[in-house]
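Listed below are the residues making up each chain.
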Amino acid sequence: MSCSRRQFIIYSGALAAVGGVAGHSLANTMKVDGVRYGMIHDETACIGCTACMDACREVNQVPEGVSRLEIIRSGPIGTFPDAEYHFFRKSCQHCDNAPCVHVCPTGASHIRKEDGIVDVDADLCVGCMYCLAACPYQVRFINPVTRVADKCDFCRKTNLAAGKEPACVESCPTKALVFGNLDDPDSPIAKRLVKETTYRYKQALGTSPKMYRVPKGEITS
Ligand code: SF4
Ligand code: SF4
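Within every chain, residues take consecutive numbers counted from 1 along the sequence as written. To label them, take the chains in the order written and letter them from A, then take the ligands in the order written and number them from 1. Since the coordinates come from a predicted model, pLDDT governs what is reported: local features require at least 70, and pairs of side-chain atoms require 80 or more to be given and counted, while whole-chain, interface and lining totals use all residues. The side-chain values count all of the structure's non-hydrogen atoms but skip hydrogen atoms and water molecules.

A. Here's a closer look at helix H6 (residues 188-195). Partly exposed residues are those whose accessible area sits between 20% and 50% of the maximum for their type, while under 20% is buried and over 50% is exposed, using a 1.4 Å probe and protein chains only. By definition, any uninterrupted DSSP run of H or I lasting at least four residues is a helix, any uninterrupted run of E lasting at least two residues is a strand, and each is numbered from the N terminus. Within H6, the full set of buried residues consists of Ile189, Ala190 and Arg192. Around the axis of H6, the buried residues are gathered within 160 degrees of arc, so they sit on the same side. Counted as exposed and oriented over 90 degrees from the buried face of H6: Pro188, Val194 and Lys195. Only heavy atoms matter for contacts: two residues are in contact if any of them lie within 4.5 Å across the pair. Where the residues of H6 are buried, they touch strand S1 (37-42), strand S8 (177-181) and strand S9 (211-214). Arc definition: it is the arc formed by the directions from the helix axis to the C-beta atoms.

B. Structural detail: the nonpolar core. Here, nonpolar core means buried Ala, Val, Leu, Ile, Met, Phe, Trp, Tyr and Cys residues that are tied together by side-chain atoms lying within 4.5 Å of each other. Grouped together as the largest cluster of nonpolar side chains are 41 residues, with contacts concentrated most on Met39, Ala98, Phe154, Cys168 and Leu177. Non-local contacts of leucine 177, meaning those with residues more than four positions away in its chain, are made with Met39, Ile40, His41, Cys52, Arg89, Cys168, Val169 and Cys172. Of all hydrophobic cores here, the second largest spans six residues; its members include Ile40, Val178, Ile189 and Val214.

C. Seen up close, the site of ligand 1. In the vicinity of ligand 1, 14 residues are found, and the nearest of them are Cys92, Cys95, Cys100, Cys135 and Arg140. Each residue belonging to the shell around ligand 1 can be placed in one class, and the counts come to ten nonpolar, two polar and two charged. Any residue with a heavy atom lying within 4 Å of a molecule or strand is counted as near it. Note that Gly is not counted as nonpolar here; it falls among the polar residues with everything else outside the nonpolar set of Ala, Val, Leu, Ile, Met, Phe, Trp, Tyr, Cys and Pro and the charged set of Asp, Glu, Lys and Arg.

D. Here's a closer look at the sheet that holds S8. Here we have three strands laid out as an open sheet, ordered S8-S1-S9, and mixed in their pairing. Because the sheet does not close on itself, it has two edges, and the strands there are S8 and S9. Across the sheet, the mean angle from the axis of one strand to that of its neighbour is 20 degrees, orientation sign disregarded. A pair of strands counts as paired when DSSP detects no fewer than two bridges linking them. In terms of strand pairing, S1 meets S9 through four bridges, oriented parallel. Pairing of aspartate 42 across the sheet is with valine 214, part of S9. Each axis is a line fitted through C-alpha atoms, and for a helix only the stretch in contact is used; angles between axes span 0 to 180 degrees, taken between their N-to-C directions.

E. Here's a closer look at the pattern of salt bridges. Salt bridge, as used here, is a side-chain nitrogen of Lys or Arg placed within 4 Å of a carboxyl oxygen of Asp or Glu. This structure, assessed with the given rule, holds eleven salt bridges. Ionic pairing is found between arginine 192 and aspartate 42, a salt bridge with its closest N-O pair at 3.1 Å. Taken together, the positions of arginine 192 in helix H6 and aspartate 42 in strand S1 put the pair 150 residues apart, joining distant regions of the chain. Like arginine 192, the residue aspartate 42 is buried in the burial classification. Linking glutamate 84 and lysine 216 is a salt bridge whose minimum nitrogen-to-oxygen distance equals 3.6 Å.

F. Local environment of the state of the cysteines. A pair of cysteine sulfur atoms is labelled a disulfide when the two atoms are within 2.5 Å. Across all of its chains, the model carries zero disulfides by this definition. Cysteine 128 provides the cysteine sulfur closest to cysteine 104, a residue in no disulfide bond, and the two sulfurs are 6.2 Å apart. Taking the relative accessible area as the measure of exposure, cysteine 104 reaches 15% and is therefore buried.

G. Structural context of the environment of proline 173. As for its position among the elements, proline 173 is in the loop between helix H5 (167-171) and S8. The sequence separation of proline 173 and cysteine 52 amounts to 121 residues, and the corresponding C-alpha distance is 9.1 Å.

H. Geometry of helix H2 (residues 51-59). Considered for burial, the residues of H2 that qualify are Cys52, Ala55 and Cys56. One side of H2 carries all its buried residues, which in axial view fall inside an arc of 100 degrees. Opposite the buried face of H2, at more than 90 degrees from it, the exposed residues are Asp54 and Glu58. Buried-residue contacts for H2 involve strand S2 (70-77), H5 and S8. Positive phi shows up at glutamine 61, right after H2, with a value of about 50 degrees.

Laid out in structure tokens, this is it:
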């Protein structure tokens, strides 16, 4: 699942399309104060039940036909009765160096200083779709109800606001998802990242994703 030539062309085109925005340095990693939220998807624990997808849709009232979170199944690896499947989480990576933010002409797409969440200000979004084209992870969509760019926001307005963990984390029956402050060395997520081998999807693009994955078999990069 490497970045295809087509994706690269789309990404480059989006940058070129907004002229002055291309002047932003993509090398600049966004700085946040205090909390910097991230997530781990443990692909060795995920059973592909999609409870996380259902919880996300319900809690965040995501309309049918679009999705903030998908679990993509690949395989089988091996043969029956030992065949196994691989489950890959497709959702916003909350990139510290986010192409969607760099190309947004109105400032609607932004990184929140207080927690590092990549968010969309619905009042500023004009629906130009530059961010959809620029995202190398293809996780953004135009919400058919609100008509503005949408994607995972770590349940910022719903579960997080209520003092809970994101809906996907809460609902996972195998505890395959870990959420927390990457900058707090005592947080469960930071502790796991110290002791476990993880990878980040397409990190060679320089996006600095805050979504980490515990690999099951071959690493997807
Ligand atoms: Fe933006 Fe896509 Fe990165 Fe999310 S995954 S922060 S939408 S570039
Ligand atoms: Fe995997 Fe957990 Fe989502 Fe089920 S709820 S698909 S086990 S991450």
